[in-house]
Each structure stands twice: as C-alpha cells, then as structure tokens.
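Here is how the chains run, residue by residue.
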Amino acid sequence: MNGRTRIAFSGAAATLLTALCLWPLISPAYWLVQAGFVIVLVTSAGLGLRRLAVPRPLVPLAQLLLVVLLLTLFYASGTAVGGVLPGPGAWQTLTGEIGDGITDMGQYAAPAPAHQGLRLILVGSVVLIGLLVDLLAATYQRVALAGLPLLALYSVGTGLHPHGAVWLYFLLSAFGYLSLLMAEGQDRLSRWGRVFHGTPATLAGTTGGNPLSSTGYRIAGAALAIGLLLPLALPGLGTGLVGRFGHGGGGIGANGDIITAVNPLASLGASLNKSTNVNILTYTSSAQNPGDQYLRIVDLDDFNGVAWTPSEHQVQSVPNPLPYPTGLDNNTPQQAVQTQVSTQSGYVQQWLPMPYPATTVQVPGDWKYEPEGRTLIGDGGQNAGGLQYNVSSLALEPTEDALRAAGAPPADITRTYLALPKNFPTVIRDTAISVTHGATTVYDKAVALQNWFTTTGGFTYDTTVKDDTSSNAMVDFLRNRRGFCVHFAGTMAAMARSLGIPARVAIGFTPGERQSDGSWQVGTKNAHAWPELYFAGVGWLRFEPTPHVGFTPDYTVAASSGGTSAPSTATAQASVAAGPSTSASAGCPVQERRAGFCGQESATGTAGTGTTSSAPTPLELTGLALAGLLVLLLLTPMLWRLRARSVRLRRRGPRGSGGSGAPGDLPASGRGGGGLELSDQQVLSVWREMIDSAWDVGIPPDEAETPRRTVARIVELGALEEEPRAAAGRLALATEQVLYAPRSEPPTALRQDVRAVRHGLRASARPAVRVRAVLFPPSSARLIRGLREGWQSLADRARGLLRLRRRRAEDGEEQ
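Residues numbered from 1 in each chain as written. Predicted model: local features only at pLDDT ≥ 70, side-chain atom pairs only at ≥ 80, totals over all residues. Heavy atoms only, no water.

Peer 1: Whenever I open this one, a nonpolar patch on the surface confuses me. Can you help?
Peer 2: Together, Leu629, Val631, Leu632, Leu633, Leu635, Leu639 and Leu642 make up a nonpolar patch on the protein surface, roughly 580 Å² of accessible area in all. Relative to the helices and strands, Leu635 resides in helix H20 (residues 618-648). Judged by its relative accessible area of 36%, Leu635 is partly exposed. (Patch = residues over 30% accessible without salt bridge, like charges linked within 9 Å, V, L, I, M, F, W, Y side chains within 5 Å. Areas by Shrake-Rupley, 256 points an atom, 1.4 Å probe, with all protein chains shown as cover. Salt bridge = Lys/Arg side-chain N within 4 Å of Asp/Glu carboxyl O. Helix = DSSP H or I, 4+ residues; strand = E, 2+ residues; numbered from the N terminus. Buried < 20%, exposed > 50% of the residue type's maximum accessible area, 1.4 Å probe, protein only.)

Peer 1: Just checking my understanding: could you explain the pattern of salt bridges for this structure?
Peer 2: Side-chain pairing between opposite charges can occur once the charged atoms of the two side chains come close. In this structure the tally under the stated criterion is 19 salt bridges. Ionic pairing is found between Asp462 and Arg482, a salt bridge with its closest N-O pair at 3.3 Å. In this pair, Asp462 is assigned in the loop between strand E13 (460-461) and helix H14 (471-480) and Arg482 in strand E14 (residues 482-483), connecting sequence segments 20 residues apart. For Arg730, the salt bridge is made with Asp753, and the minimal N-O distance between the two is 2.8 Å. With Arg730 in helix H23 (residues 722-740) and Asp753 in helix H24 (residues 750-764), this pair connects stretches of sequence that are 23 residues apart. Assessed through its relative accessible area of 40%, Arg730 is described here as partly exposed. Several salt bridges converge on common partners, so that one network encompasses Arg641, Arg645, Arg648, Glu689, Asp692 and Asp696.

Peer 1: Help me understand the packing of aromatic side chains in this model?
Peer 2: Describing an aromatic ring pair means giving the distance of the ring centres and the angle of the ring planes. A complete count under the given rule lists 19 aromatic pairs for this structure. A ring pair is formed by Trp452 and Phe459, whose centres lie 5.0 Å apart and whose planes are at 85°; its orientation type is edge-to-face. One aromatic cluster in this structure is built from Trp452, Phe453, Phe459, Phe477 and Phe488. Positioned over the ring face of Trp540 is Arg504, at 4.0 Å from the centre of the ring. The ring of Tyr294 carries the charged tip of Arg542 above its face, separated from the ring centre by 3.8 Å. (Phe/Tyr/Trp six-rings, centres within 6.5 Å; stacked < 30°, edge-to-face > 60°. Lys NZ or Arg CZ within 6 Å of the ring centre and 35° of its normal.)

Peer 1: Explain the nonpolar core here, please?
Peer 2: General note: in soluble globular proteins, nonpolar side chains tend to be found buried as a group. Counting residues in each nonpolar core, the largest one holds 73 residues, and the members touching the most others are Leu268, Leu352, Phe453, Leu533 and Phe535. Here this core takes nine residues from helix H15 (residues 485-498), the largest share from any one element. In contact with Leu352, other than residues within four places in its own chain, are Arg296, Ile297, Val361, Val363, Trp367, Leu376, Ala384, Leu387 and Tyr389. (Core = buried A, V, L, I, M, F, W, Y, C linked by side-chain atoms within 4.5 Å. Contact = heavy atoms within 4.5 Å.)

Peer 1: Got a minute to help me understand the environment of Ala114 in this structure?
Peer 2: Relative to the helices and strands, Ala114 resides in the loop between strand E2 (112-113) and helix H5 (116-139). The exposure class of Ala114 is buried, given its relative accessible area of 15%. For the pair Ala114 and Pro28, spaced 86 residues apart in the sequence, the C-alpha separation amounts to 6.1 Å.

Note that all results are geometric; they support no functional claim without further evidence.
Take a look at the structure:
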C-alpha cells in the first residue's frame with residue numbers, strides 16, 4: 001500500500017471512528033455498517049479516479065454521484081429507475097424519508113427507533129463527512145484541515161448523546177485523526193528516500209524499531225493523555241468535549257431492554273423483538289380476573305399526526321389515599337384489589353408500574369403524582385429499579401346497559417381527548433364510520449372497533465413492522481393489515497376520536513406468566529400498548545384491539561356475543577382499499593397521498609379518457625435538473641475532447657488557431673510576418689491533436705521542447721513501433737516547416753499520421769490508462785484554462801469599460 005492509498009483509507013477509518021459517537025442515538029445501530037460500506041466504496045472510487053489522473057475538481061463530483069446512487073439503492077430502490085437511478089419517484093421517496101426523519105428528531109429522545117428516515121439522515125451525514133475528509137486529505141492533500149469536519153461530526157454527536165460527551169468517543173476520534181496525520185507524515189517522509197535508522201552499533205541496545213516512529217507515538221500518546229486528564233484538573237465548566245468517565249443519569253436500563261424513551265412507544269417494538277424475554281418484575285395479586293392485572297405505567301394523550309406522546313401535566317406530592325378516579329360513579333360495580341410488586345434492579349424506568357385505577361400506593365423513594373393520568377413519576381433521578389411496593393386498586397365491572405346509557409363526557413375531557421390534527425387522513429375516519437355502521441351507541445361503536453381489529457378485519461400480528469404511530473403509518477396499517485400493539489392501540493384510539501369518543505393510548509405490561517407459587521412474572525415480551533376510552537359515569541376503560549395478545553375485557557365480550565352488528569370484513573376492507581373518491585383527489589391530504597390512497601385513477605389512467613399521471617412537482621423537477629447537471633459536468637471532459645478532435649481533424653482547417661496559445665503544445669518561437677495561411681493552421685491543429693493524444697495516455701506536454709525533441713520523447717515514453725514512429729516524425733517535420741521555414745509544403749496525409757500515432761500510443765498503454773483517456777482525458781485541462789483566460793479577458797474588458805466611463809464622466813465635469 002503506497003502513501004496516498006494509506007492516507008485515503010486512514011481518512012475513511014478516522015471518519016468511522018468519529019461516527020461511533022452517534023452509536024447511542026438510535027437503536028439498533030446497524031446503520032453504521034451501512035455507512036461504513038458506503039464510505040469504503042466512495043474512498044475506493046476516489047483512489048481509482050486519482051490513479052487515472054482525473055482532474056481534481058471532477059473527483060468529488062464523481063464520488064458524490066456514487067453516494068447518490070448508493071443511497072437511492074438502499075432507501076428508494078422501489079421507486080428508482082432500474083432500482084438505482086434516482087428518477088422523480090426516487091427523489092420524492094428520499095425527500096419524504098428525510099422529512100420523516102427530521103420530524104422523528106423532534107419527537108424522540110435517544111435512543112430513538114431506527115426508522116428509515118433517521119437512518120437515511122445519519123448515513124448520509126456521515127458519508128458526506130467522509131467525502132469531505134477524502135477531498136481534503138487525499139484529493140487536495142490538506143490533511144490537517146481534514147480535522148475540521150471530523151471535529152464537527154464529533155461535536156454534533158456528543159451534543160446529541162443522551163449522557164453528553166464520553167471519554168471513549170473522544171479517544172476513538174483522536175486516535176483516528178492522529179492515525180491520519182501519521183499516515184500523511186510517513187508519506188511525506190518517504191518522498192525523501194529511505195529513512196536512516198542509525199548504524200548497527202547504535203541500534204544494538206534498542207528493540208530495532210524506528211526511532212522516528214517511536215517518538216511520534218510517544219508524542220501522540222502524551223497528547224491524548226493530556227486531552228483526557230487535563231479537564232479533570234480544571235474547574236467544572238460542564239462536560240466539555242470529553243465529558244465524564246461513565247454513564248451517569250437515568251432512563252436506560254442496565255440490560256438495554258426496557259422502554260426508556262420520552263415516548264415509550266419509541267422502544268416498545270425493540271423490546272418485543274428481543275430474542276430473549278428479560279425478567280422485569282414479579283407480583284402477586286388478589287384479582288380474580290387476569291384482565292384486571294394489566295400494569296400501567298403512562299398514558300399518551302396527545303396525537304399531533306406524527307406520534308402519540310404524553311402531554312405536559314402538573315405533578316404533586318403523592319397523596320395517601322389517591323384521589324377518587326375522575327368520572328367514576330359510586331354505583332359502578334367494583335372490587336378492591338391488592339398487588340405486591342417486586343422490580344428487578346435493571347429496570348431503570350421513571351414511571352412506576354401499577355394496576356389502574358390505583359387508590360393507594362406504598363413505595364419507597366422520591367415520587368410525584370400526576371393526577372390526569374393517575375401515574376407516579378420518579379423525581380430527582382428516582383427510578384423503578386430494585387423496588388418492593390404495594391398498590392391498592394379497583395377492578396371495575398360496569399354493565400353493558402350502563403355503558404350504553406352513558407351520557408356525554410364533560411367539556412374538559414372532550415377538549416383534550418377528541419383532538420386530532422388538521423390534516424388527519426379522511427380514509428381513517430371513513431373506515432371508522434364504515435366499521436361502526438349500524439352501531440347506535442358510543443359503547444357499541446367502541447366494541448365494533450375492537451372486534452373488527454381482533455376478529456373480522458383480517459389483521460395479522462407482526463412485530464417486524466416499523467413501530468410508527470403517525471397518520472401515514474395508520475393509513476399503511478389499515479391497508480396492509482399487519483402490525484403489533486403499537487399500531488392497533490394508536491389506530492383504534494385515533495378512529496375512536498374521529499367518531500367522537502374520547503380516547504388515549506396506555507403503555508404498560510400484560511399480566512405476564514403465572515408461576516407455580518401463585519405469583520406472576522412479567523418480562524420484556526409483555527410490554528404492551530392498548531387504548532383507553534372514556535365513558536361518563538365509569539371513567540377510563542381499557543379495550544384490547546390487538547389479536548392474540550392480552551385479555552379481552554369482560555364488559556366487551558357480552559356485547560360482541562349479543563348481536564351488536566359489526567360490518568363484514570369485505571365492507572371494511574373495501575372502505576380502506578377504495579380510499580378517497582376521485583372527486584376529492586384534488587384536496588387529498590399529504591399523508592394519504594404519500595401512502596398511495598390518492599390519485600389512483602390518475603396514476604393508471606381513467607378508462608376512456610386517456611388521463612395520465614400528474615405533472616412533476618417543482619421538487620421533482622429540481623432533483624432531475626440537479627442530476628442532469630451533475631451528469632453533464634462529469635461528461636464535459638469527454639465531450640470537449642471529442643469535439644476538439646473532430647474540429648482538428650476535419651477536412652478544412654479551423655478558422656482560428658484552434659486553441660493555440662495554450663502552453664506546452666508549440667515552441668515559443670515562430671515564423672515572422674503576417675498571419676498563418678490555412679494550410680499552416682491545419683498543420684498546427686493536427687500537431688496539437690498529437691500532443692493532446694500523448695497527454696491523454698500520460699505523456700504531458702513540455703513548452704520548452706522543439707517539435708523534434710517532443711516527438712523523440714513521445715516515441716520513447718510511448719514505446720511506439722515503426723509505423724507510428726515514422727508518422728510522428730513526419731508531423732514534427734511539417735510543424736517545423738510551418739514554424740521556421742520561409743515557405744512550407746505540408747504533406748497531405750497528416751490526418752492519417754496523427755491517427756497512426758494515437759493508435760500506437762493506445763496500443764502500448766495499459767487498459768486503465770485507455771479508459772481514463774476516453775472518460776477523463778487530462779488534456780481537458782485546456783478547457784479549464786481557456787475558461788479561466790476567457791473570464792480574465794472578460795473581466796479586463798469590463799474594467800476597461802468602467803475606466804473609460806469614469807474618464808468620460810470626469811471630462812464632462814471639467815467642461
């Protein structure tokens with residue numbers, strides 16, 4: 001491995017080591033493997049392009065194009081042209097995923113779920129940092145400056161880290177950057193020749209290592225030690241770049257398997273998908289019905305179209321006893337339940353698991369009571385790990401008639417628990433109306449929704465579906481009929497709100513498994529979400545729409561068996577599959593449009609009318625324009641070279657010098673007198689074509705050489721055989737006659753001679769050099785030089801005009 005290759009891969013390694021500080025942001029973190037794969041490919045592509053002597057400005061453009069193709073392959077292959085080319089559909093998919101990722105960034109705390117939008121943002125950001133490092137360190141050989149993007153990546157990663165800056169990530173990032181600097185130092189030193197390590201006598205007492213390398217390692221080690229230890233001796237000014245040794249704070253269990261995000265739905269899916277069921281707690285209960293043993297930790301009452309989240313509520317000291325449940329009448333049948341709970345020490349959770357509704361709680365530690373959801377929240381770092389506590393609660397047994405006769409809920413309940421976003425998809429509301437068709441009371445509608453999800457709707461329980469509760473995800477869920485408790489609970493609560501039923505989502509655990517001693521054991525596999533609906537006179541009641549999970553409440557079983565009419569599966573499925581009507585497609589919300597429920601007739605063409613798909617959006621047109629511009633920039637050298645060859649070798653000579661004046665192709669001296677005749681211009685153009693043909697295969701021009709010396713060098717370096725060697729000699733002779741002789745008589749076969757020389761040069765060149773000569777010809781540097789000179793000439797003319805105008809203005813003032 002040569003020095004330049006070592007620098008390039010050291011830069012890639014430094015980027016990946018620094019990117020490890022982003023590891024805790026989302027879970028699982030397998031996106032790092034994807035980012036590493038893309039960075040290695042981009043670095044390898046840069047090495048290949050630089051080895052082909054591609055002009056340096058084109059190297060990062062080609063690498064950027066490769067990044068776009070790879071990200072399209074990974075995140076938008078279903079809508080891309082051929083699975084990899086970013087067409088309008090792929091651009092729409094990528095921008096939609098980025099938008100979803102930005103929204104998730106504002107909704108989730110670390111570790112956030114590994115949604116595709118978040119992974120796209122992280123992979124794209126890390127890859128772009130890697131591309132910038134490669135540009136500075138390998139392409140433009142400014143290795144020290146490559147530390148700036150690495151520092152930016154480290155600063156952002158540690159700033160978003162849930163525990164601030166951690167010393168391990170600083171150590172990894174510093175090691176990567178120092179390795180990059182040492183690779184550059186070794187490359188620079190190697191250009192001076194072999195390093196003298198001393199005589200055998202002077203090295204007799206050493207270990208035989210390189211003294212220069214040993215010194216460098218000692219300096220690097222000392223710098224790292226100072227960077228790590230010095231902040232500990234300074235006055236406390238926050239965590240800084242290094243942070244503290246360890247992971248203080250709360251919210252993450254020792255085994256990492258517990259629901260810990262600000263929104264517990266964020267990691268519930270990860271808990272259910274764990275290969276092992278980690279024990280969380282055990283309890284004993286006096287409840288006669290397992291359905292009364294759900295352990296509730298928090299309720300999610302705010303739905304903003306992106307996710308269900310807990311809203312902000314005032315907390316207070318824990319009263320004893322707790323206030324009587326809101327909305328519950330004394331005449332509702334109920335039984336007192338006593339529960340003794342023992343949690344594992346690794347269950348580091350800020351909410352206390354309890355049956356609902358609890359009436360008294362005896363728990364050690366510092367806790368606060370949130371009356372709206374009747375939950376206990378740890379204060380001052382208090383968590384639920386390693387506790388033993390007792391809870392008294394009520395098992396409600398409302399009758400079917402009482403629930404059917406429930407009155408209207410109070411205004412404060414409807415104001416909070418009927419709220420839906422303005423762009424709530426109409427297909428969800430239409431499906432809810434279709435499912436509950438024929439149900440005459442709020443209670444019958446609630447039971448109809450539950451039965452449709454569990455029995456008649458054809459849904460499948462699947463924990464591999466992305467744990468997303470946004471409006472888009474609900475529309476997808478109703479269409480695909482696959483998901484787990486997060487989707488069933490969130491969608492039923494939203495559908496209930498659309499029908500005027502106050503609803504919220506509760507997070508907690510199902511009863512677990514009964515042990516031989518009569519106790520119950522709850523593990524991570526028992527993490528669960530369910531909807532709670534409000535009925536006046538009873539309060540909040542649990543419903544169970546998730547099929548094959550948990551226990552269906554007794555107060556809903558009688559209604560379902562008693563003949564409450566729920567629509568057939570076919571009717572409900574037709575409601576979702578049909579989507580909004582064609583007439584409403586113009587006002588279709590964004591969520592439904594992205595989910596594929598809008599404009600279906602437009603996409604396929606209305607029968608008999610020949611209607612085609614709608615016009616591309618401005619964002620799609622912009623993406624296409626940028627992609628086309630990038631491709632055009634990459635093809636510009638090849639197209640310019642083909643054009644130049646065509647002009648130089650056409651039958652009639654060009655009307656000008658054909659690009660003369662570029663250094664390195666003609667001697668500085670020339671024949672005196674007037675302008676060159678047409679035949680002379682033709683000879684010089686053909687000579688320039690031979691010079692550029694040699695330049696494209698790695699033989700650069702030399703402006704100090706005569707034509708004869710130039711041909712001798714091309715013949716030697718290009719290993720030309722007899723025929724192209726003779727053709728090159730004839731070209732040199734004709735050029736010398738044009739430049740130095742009083743009168744020239746150029747031969748008529750100069751075009752055939754330059755073609756023979758070009759073919760001879762290509763025949764002796766390596767395949768990679770021949771490919772480079774076609775795709776990225778080095779002689780295209782004349783184009784950049786010509787543009788620069790043209791711009792300079794234009795600027796000089798503009799300055800001259802300004803001076804002339806200023807002079808005329810001054811003359812006018814004097815007169």
